[in-house]
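A look at the structure
Below are the chains, spelled out letter by letter.
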Amino acid sequence: MKTKKPKITLEKLAQMINKGFETTATKTDLETVKTEVKEIKAEMVTKTFLEDKLADLEGNVVLRQRKEDKKVNMIIEFLKKKKILTSAETRMLQEIKVFPSLK
């Protein structure tokens, strides 16, 4: 069974529209919003700023990884010289390179 929708009269429609305009923003409200948007824009970082920061971070990470790689390679050499690692084990470890040797 369908419910019958009440018929909206022109007068009722006018009242509904009028009620909607009661809650619209005032000029002061709009100025407040504009001010808040300006403050947010002033504090926002730009895409270029973020890209620069990410590039710096990436450079720092690569630098740390190179230092770690150098330490691991040194440890492999020490263990090889003390005959703790076999030649095959040393070769296997040296094949796993984060950064290729520049030698």
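Along each chain, residues carry numbers from 1 onward, in the same order as the chain's sequence is written. Side-chain atom pairs in this predicted model are given and counted only at pLDDT of 80 or more, local residue features only at pLDDT of at least 70, and totals for whole chains, interfaces and linings cover all residues. For the side-chain quantities, the full set of heavy atoms in the structure was used; hydrogens and water were omitted.

**Focus: unusual backbone geometry**
So the rule is basically this: Put simply, DSSP H or I for four residues or longer makes a helix, DSSP E for two residues or longer makes a strand, and each gets a number counted from the N terminus. Whether a residue is buried, partly exposed or exposed follows from its accessible area with a 1.4 Å probe, protein chains only, as a fraction of its type maximum: under 20%, in between, or over 50%, in that order.
For K83, which is not a glycine, the phi torsion comes out positive at approximately 60°. Inspection of the secondary structure puts K83 in the loop between α3 (47-81) and α4 (87-95). For K83, a relative accessible area of 73% gives the class exposed.

**Focus: the side chain of T90**
Counted only if it meets this: Contacts were defined at the residue level, with two residues in contact if any of their heavy atoms lie within 4.5 Å.
Assignment of secondary structure puts T90 in helix α4. Once residues within four sequence positions are removed from consideration, T90 is found in contact with I76, K80 and L85.

**Describing the confidence of the model for the chain**
The test is simple: Think of pLDDT as the predictor's per-residue confidence, scored from 0 to 100.
Per-residue confidence for the chain gives a mean pLDDT of 87, with 95% of residues at or over 70. Looking at the elements of the chain, mean pLDDT is at its lowest for helix α1 (residues 10-22), recorded as 83, and at its highest for α3, recorded as 93.

**Considerations on the pattern of salt bridges**
Our working rule: Should a side-chain nitrogen of Lys or Arg be within 4 Å of a carboxyl oxygen of Asp or Glu, the pair is scored as a salt bridge.
Overall, the coordinates contain two salt bridges when judged by the stated rule. E51 is paired through a salt bridge with K47; the nearest N and O atoms lie 3.9 Å apart. A residue pair is termed a helical-turn pair when its members lie 3 or 4 positions apart in one helix, as E51 and K47 do in helix α3 at four residues. You can call E51 partly exposed: its relative accessible area is 43%. Residue K71 is joined to E68 by a salt bridge in which the shortest nitrogen-to-oxygen separation is 3.7 Å.

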